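# An overview of the molecular structure
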Amino acid sequence: MLKKTGRIGVILFTVFVAASVLFVFAGCKKGVSLKGAQVVIADFSNAYDVDTWVPRNEDEEIQLEWRKKIQADNGFKMKKVELSGYDDYFQIVTTNIISGNKDYSVYILEPGWAMTLYKQGLLYPISDSSVKLTNRVPVAGQKQAYNKLIEDLFTFNGKSYGFYPGTGGDAWHGNFLFWNKRLLKEAGYDPDLLYDLQKAGTWTWDKFYEIARATTRDINNDGIIDIYALPCDDPREVLNGFVFGNGGNFVIINAQGKFESAMNRPEFIDAVQFYQKLLEEGLMKPRPANAAWDWDFTEFFDGRTAMIICPEWRKGQMPEMKDDYGFVFPPKGPRATDYRMANDDMVYAVPAFFSPAEVDVILKAVDLWEVPSTDDWKGGHYWAFRDRRAVDESMAMVKDARYNAFKNYLLVPGFPQNDFCYALFDFKGTAAQLIEQYAPRVNAALEPMNR
């Protein structure tokens, strides 16, 4: 059993930070001066004040001392407050920006919220600032890295309107595949095989299908399947694993910044067909009548399915599982060039009404505030696993932008992703027919995004 650590608190903290600033400017001939500025961080959770914050581990102690130091050295004040709860947060943010309220200068937003504000012309092009947040390699105690996936997603006509501290994958929403090592061994495989396949680049749909067939078993010969390859829920996560793992997406944003459906593309159609194949061949356990919302996880946790495709945050529940388990990316489809998973990190955004000088101060303050206290990011994940390969290999891939794609449908209000995925349970037609059936709703959701 790996030693548990408290570093997860640091990671969860950085996911939901939002920064804002009350300014008292002091001129400076050399660079941007923070002297006299009062920086207030707004969020919907996790208030942070250097005068009252109580560190929970060594890394947080280092972080606290750093944040005290930057304020003393630069002559400014900075803290984080809860602007509101989650349910009211975006409405309050929108009202603040429209009214020109400068109490809060940088907001952390869900991507869909940030895109809505951008479409309304309410965000500042932070790439115009003299403070450049384009570093890609973090250095503990010196400089923060910034997520290229978010930067690219919010770059339009050569200008960037959003950023996110860190290399990414901090939302715990990526689609991963967990497997039960005991059940894999009982089916005749090395219990660590999936790690070896992933490392060799041969973790494919074909290999997944082979293992799915082998692990779906009637273990007492009574004609009833006792162990399934995986549960059919949550279809959103399973289908995401196949769509993105095949190089596809639900929505693409073209070079002109226009939103287009990607559901009629071969990568997407193949993924739907593969899902249907697994369901029709009885390799995915059907949803029981009156099942609880998390029945699929219970099936895996209790050893009745060999695998499960689910969001990363499920790892927080895994340490109490009786059987040993592994953790890899979803298998890559035939149209993919490499492994790929869907993610949805948050977005930092600056209101458009600030002046260039104010934005320089905002970004410099945030850049200093977000300097990482440690480069040992792995320590925040080992506690959730029983083997190091889950972190050293699979989690390490999350930190590499080559293996990440964004769930673009999250940027589109009213996009029927949930409904489409759940329709796969009972739909008896072809993938193309289901896609055609949903096309009017998809187009209706995309049309306002392209105005």
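The coordinates are above.
Residues numbered from 1 in each chain as written. Predicted model: local features only at pLDDT ≥ 70, side-chain atom pairs only at ≥ 80, totals over all residues. Heavy atoms only, no water.

### Some details on helix α10 (residues 266-280)
Along its 15 residues, α10 runs 21 Å from first to last C-alpha, staying within 8% of the 21 Å computed at 1.5 Å per residue. Along α10, the positions that sit buried rather than exposed are Phe268, Asp270, Ala271, Val272, Phe274, Tyr275, Gln276 and Leu278. At its buried positions, α10 is contacted by α8 (205-215), α9 (235-245), β11 (284-285), α14 (417-423) and α15 (431-446). Glycine 282 sits one or two positions beyond α10 and adopts a positive phi of about 75°. (Helix = DSSP H or I, 4+ residues; strand = E, 2+ residues; numbered from the N terminus. Expected span 1.5 Å × (residues − 1). Buried < 20%, exposed > 50% of the residue type's maximum accessible area, 1.4 Å probe, protein only. Contact = heavy atoms within 4.5 Å.)

### Comments concerning unusual backbone geometry
If you check the backbone angles, asparagine 46 has positive phi at about 55° while not being a glycine. Here asparagine 46 shows up in the loop between β2 (38-43) and α2 (58-74). Overall, the relative accessible area of 36% leaves asparagine 46 in the partly exposed class. Even without being glycine, asparagine 290 reaches a positive phi, approximately 60°. Summarising the element assignment, asparagine 290 is placed in the loop between β11 and α11 (295-301).

### Observations regarding the sheet that holds strand β7 (residues 175-180)
Read from one edge to the other, the open sheet built from three strands follows the order β12-β7-β13, with strand pairing classed as antiparallel. Either end of the sheet is taken by a strand with one partner, and the two such strands are β12 (307-311) and β13 (325-328). With strand direction ignored, the average angle separating the axes of adjacent strands in the sheet is 30°. When β7 meets β13, the two strands line up antiparallel, connected through four bridges. Following the sheet pairing, leucine 177 is matched in β13 by valine 328. Along the sheet, helix α7 (residues 193-200) contacts β7 and β13; its crossing angle with β13, the most-contacted strand, is approximately 15°. (Pairing = 2+ DSSP bridges. Axes fitted to C-alpha atoms, helices over the stretch in contact; angles between N-to-C directions.)

### Digging into the side chain of glutamate 312
Relative to the helices and strands, glutamate 312 resides in the loop between β12 and β13. Reaching out from glutamate 312, the side chain makes a polar contact with the side chain of lysine 315 at a distance of 2.5 Å. The contacts of glutamate 312, once residues within four sequence positions are left out, are Gly169, Trp172, His173, Gly174, Phe176, Phe327, His381 and Met395. (Polar contact = N/O pair within 3.5 Å; in protein donor to acceptor, adjacent residues only side chain to side chain.)

### Observations regarding the pattern of salt bridges
Side chains that differ in charge, positive against negative, can pair when their charged atoms come close. Under the counting rule described, the total for this entry stands at 26 salt bridges. Here arginine 304 ties to aspartate 302 by a salt bridge, and the two come within 3.3 Å at their closest N and O atoms. Ionic pairing is found between glutamate 312 and lysine 315, a salt bridge with its closest N-O pair at 2.5 Å. In this structure lysine 315 comes out as buried when scored by relative accessible area, which is 0%. What emerges from the salt-bridge pattern is a single network uniting Arg182, Glu186, Arg217 and Asp323. (Salt bridge = Lys/Arg side-chain N within 4 Å of Asp/Glu carboxyl O.)

### Quick look at the packing of α2 against helix α12 (residues 356-369)
At a minimum axis separation of 9 Å, α2 and α12 run at an interaxial angle of 145°. Side by side, α2 and α12 meet where Trp66, Arg67, Ile70, Gln71 and Asn74 of the first sit next to Lys364, Leu368 and Trp369 of the second. Grouping the amino acids of the contact of α2 with α12 by side-chain chemistry returns four nonpolar, two polar and two charged. (Nonpolar A, V, L, I, M, F, W, Y, C, P; charged D, E, K, R; others polar.)

### Considering the side chain of asparagine 175
Within the secondary structure layout, asparagine 175 lies in strand β7. Residue classification places asparagine 175 among the buried residues on the basis of a relative accessible area of 0%. A polar contact of 2.3 Å, which involves the side chain of asparagine 175, links it to the side chain of glutamate 237. Beyond its immediate sequence surroundings of up to four residues, asparagine 175 is in contact with Glu237, Asn240, Gly241, Cys310, Pro330, Met341, Ala342 and Lys407.

### Points about the packing of aromatic side chains
Under the criterion given, the structure shown has 37 aromatic pairs. Ring centres of phenylalanine 44 and tryptophan 113 lie 6.5 Å apart, and the angle between their planes is 85°; on these two criteria the pair is classed as edge-to-face. You can see phenylalanine 44 sitting in the loop between β2 and α2 and its partner tryptophan 113 sitting in helix α4 (residues 111-119), a full 69 residues away along the chain. You can call phenylalanine 44 buried: its relative accessible area is 10%. Classification of tryptophan 113 as buried rests on a relative accessible area of 14%. Through successive ring pairs, a cluster of aromatic residues spans Phe176, Phe178, Phe327, Phe329, Phe385 and Tyr403. Of note, lysine 277 hangs over the ring of tyrosine 209, and the distance from its end group to the ring centre comes to 4.0 Å. A cation sits over an aromatic face here: lysine 315 above tryptophan 172, 4.3 Å from the ring centre. (Phe/Tyr/Trp six-rings, centres within 6.5 Å; stacked < 30°, edge-to-face > 60°. Lys NZ or Arg CZ within 6 Å of the ring centre and 35° of its normal.)

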